[in-house]
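Fold and geometry: a report
Given next are the chains, with one letter for each unit.
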Amino acid sequence: MKIGLLTSGGDCPGLNAVIRGAVLNGVKTYDDEFVGFRDGWRGLVEDDIMDLPRTKVRGLARTGGTILGTSRTNPYDGPHGGPENISIVLEKNQIDAVVAIGGEGTLAGARRLADAGLPVVGVPKTIDNDLNGTDYTFGFDTAVQIATDAMDRLRTTGESHHRCMVAEVMGRHVGWIALHSGMAAGAHAVLIPEQQVPMTQVAEWAKEVHDRGRSPLVVVAEGFIPEGFDEVMHDKGVEKDGRPRLGGIGEYVTREIEKLTGIETRNTTLGHIQRGGSPTSFDRVLATRFGMNVVDLVHDKEWGKMVALHGTDVVRVGFHEALDSGLKEVPQDRWEEAKTLFGR
């Protein structure tokens, strides 16, 4: 078979490992041929294709980013989008299947094309770990590790100056990165989009810690909405897809803690550093397994499905399992578990 791969949406550590796993399994097991669509759906819509021989994927498991490039193009955008035009591109290039590697938006586009009769399957990708249907997505472990390392460094400077340190991490709609990295770094408060908390409570947690002679560490997800506010904070315009460009909640939390407690407080926004660089060993293994298994999925012609992790097993689930029940939010019990450690 001739299989086309694309990476779409935000970049993520492990994308190249998926590509490598798919190509190696396809070539060695099935004698497949691979091509890549440049810059996500744009490459498929505009017939911008590159060959992916085995030699092209050597050593990719440890490399961050994506050799195919990525974008937030929708496969239905523009005069060349939609299943009719895409099927012409596939037929012209004799491509038998498309593997879409991406998050919620990417998989939603893949689902529409599969429902329209195109041979499309998926690989879930998001550093936020917010997709249903899979226990974990690659990139999440790397983002958590990067954030944890940064917080460990912040704590040393906080302790030296007797300051409160605030770390803003990614998490537009869910707080998995904040929760995991905060717990790993021993944070004294973790603020996530799923839980509205009054700033008076955050200040109380910080003061409890400071009064014991410690330097508080507060972790806040970029999508956190303090109690009394109706929407996320954003003063940096919008993304190309119309979403608000988040940023600023860490600065707000910092100002409020200092105002309410008198404790000198500093803020660090980790930003895109969380999604760059080499993937962790966990993400390399998971991404490689996803890449290998999605080729088996293609050969079984189970269109409209994606690979997923359940426990330690890679399984196959329909796109609907990932998309129909909304985002995978931090459940209340996980929040209560972490909250036990706040301010103490």
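Please read all numbers here as calculations on a predicted model, not as lab measurements.

**Quick look at the pairing of strand β8 (residues 217–221)**
- For β8, a buried count of five out of five residues is recorded, marking the element as mostly surrounded by other parts of the structure.
- Alternating residues of β8 divide into Leu217, Val219 and Ala221 and Val218 and Val220, and every residue in both groups is buried.
- The pairing of strand β6 (residues 164–169) with β8 spans five bridges and is classified as parallel. Counterpart to valine 169 in the pairing with β8 is alanine 221.
- As paired strands, strand β7 (residues 189–191) and β8 are joined by three bridges and run parallel to one another. In the sheet register, valine 190 faces β8, and the bridge partner there is valine 219.

**A look at the sheet that holds strand β9 (residues 265–269)**
- Ordered by their spatial adjacency, four strands build an open sheet running β7-β8-β6-β9, and the pairing between neighbours is parallel. Edge strands, defined here as strands with exactly one partner in the open sheet, are β7 and β9. With strand direction ignored, the average angle separating the axes of adjacent strands in the sheet is 15°.
- Taken together, the five bridges between β6 and β9 define a ladder with parallel strand orientation. Directly across from alanine 167, in β9, lies its bridge partner threonine 268.
- Against the sheet, helix α8 (residues 249–261) makes contact with β6, β7, β8 and β9, and its axis sits at roughly 170° relative to β9, the strand it touches most.

**Concerning the packing of aromatic side chains**
- Going through the model one piece at a time under the given rule, you end up with six aromatic pairs.
- Considering the side-chain rings of phenylalanine 229 and tyrosine 252, the 5.4 Å spacing of their centres and the 75° angle between planes classify their relative orientation as edge-to-face. Placement of phenylalanine 229 in the loop between β8 and α8 and of tyrosine 252 in helix α8 is noted, with a sequence separation of 23 residues between them.
- The exposure class of tyrosine 252 is buried, given its relative accessible area of 12%.
- An aromatic cluster is built from Tyr136, Phe140 and Phe282, whose rings are joined through pairwise contacts.
- A cation over a ring is seen here: arginine 112 above tyrosine 76, with NZ or CZ 3.5 Å from the ring centre.

**Re the pairing of strand β5 (residues 120–124)**
- Across the five residues of β5, five count as buried, placing the element largely inside the fold.
- The two faces of β5 match: Val120, Gly122 and Pro124 on one face and Val121 and Val123 on the other face are all buried.
- Bridge count for strand β4 (residues 97–102) against β5 is five bridges, and the pairing is parallel. Considered in β5, the bridge of valine 99 is made with valine 121.
- Each parallel crossover has a hand, and the one from β4 via helix α4 (residues 104–115) to β5 is right-handed.

**Notes on the side chain of arginine 275**
- In this fold, arginine 275 is placed in the loop between β9 and α9 (281–299).
- In this structure arginine 275 comes out as buried when scored by relative accessible area, which is 14%.
- A polar contact is formed between the side chain of arginine 275 and the backbone oxygen of aspartate 11, at a distance of 2.8 Å.
- Contact partners of arginine 275, with chain neighbours within four places excluded, come to Gly10, Asp11, Cys12, Pro13, Ile127 and Met170.

**A word on the packing of helix α7 (residues 199–211) against α8**
- At a closest axis distance of 9 Å, the pairing of α7 and α8 adopts a crossing angle of 65°. In terms of their interaxial angle, α7 and α8 are classed as roughly perpendicular. The handedness of the crossing between α7 and α8 is right-handed. Each of Met199, Thr200, Val202, Ala203, Ala206 and Lys207 in α7 lies in contact with α8, whose residues at this interface are Tyr252, Val253, Glu256, Ile257, Leu260 and Thr261.

**Digging into the UniProt feature "active site" (unreviewed entry) in the protein**
- Cross-referencing UniProt, the feature "active site" (unreviewed entry) maps to Asp128 in the present numbering.
- Mapping aspartate 128 onto the fold places it in the loop between β5 and α5 (140–161).
- Residue class for aspartate 128 comes out buried when judged on its relative accessible area of 17%.
- With near-sequence residues (within four places) excluded, aspartate 128 lies in contact with Phe140, Met170, Gly171, Arg172, Val174, Trp176 and Ile177.

**A short note on the UniProt feature "binding site: Mg(2+)" (unreviewed entry) in the protein**
- Here the UniProt-annotated "binding site: Mg(2+)" (unreviewed entry) positions come out as Glu104.
- Note that glutamate 104 resides in helix α4.
- What glutamate 104 contacts, discounting residues up to four positions off in sequence, is Leu131, Leu323 and Leu327.

**Observations regarding the domain arrangement of the protein**
- Partitioning the protein into structural domains gives domain 1 (1–136 + 278–320) and domain 2 (142–273).
- Just the C-alpha atoms count here: the centres of domain 1 and domain 2 sit 34 Å apart.
- Residue-level contacts link eleven residues of domain 1 with twelve residues of domain 2.
- Buried surface at the junction of domain 1 and domain 2, summed over both partners, amounts to about 830 Å²; 59% is from carbon and sulfur atoms.
- Per-residue buried area on domain 1 facing domain 2 is highest for Arg72, Ile127 and Asp128; these three make up 53% of the total on that side.
- Our enumeration of links across domain 1 and domain 2 arrives at zero salt bridges.
- The tally of links from domain 1 across to domain 2 stands at two residue pairs in polar contact (both at pLDDT 80 or more).
- Classifying every residue of the side of domain 1 that touches domain 2 gives four nonpolar, three polar and four charged.

Conventions adopted
Residues numbered from 1 in each chain as written. Predicted model: local features only at pLDDT ≥ 70, side-chain atom pairs only at ≥ 80, totals over all residues. Heavy atoms only, no water. Buried < 20%, exposed > 50% of the residue type's maximum accessible area, 1.4 Å probe, protein only. Helix = DSSP H or I, 4+ residues; strand = E, 2+ residues; numbered from the N terminus. Pairing = 2+ DSSP bridges. Axes fitted to C-alpha atoms, helices over the stretch in contact; angles between N-to-C directions. Contact = heavy atoms within 4.5 Å. Phe/Tyr/Trp six-rings, centres within 6.5 Å; stacked < 30°, edge-to-face > 60°. Lys NZ or Arg CZ within 6 Å of the ring centre and 35° of its normal. Right-handed = clockwise from strand over helix to strand, strands pointing away. Polar contact = N/O pair within 3.5 Å; in protein donor to acceptor, adjacent residues only side chain to side chain. Parallel < 35°, antiparallel > 145°, perpendicular 65-115°, else oblique. Left-handed = near helix turned anticlockwise from the far one by under 90°. UniProt positions renumbered as here; feature names shortened; annotations may be inferred. Domains from an automatic or database assignment. Buried area = accessible area lost by both parts, 1.4 Å probe. Salt bridge = Lys/Arg side-chain N within 4 Å of Asp/Glu carboxyl O. Nonpolar A, V, L, I, M, F, W, Y, C, P; charged D, E, K, R; others polar.

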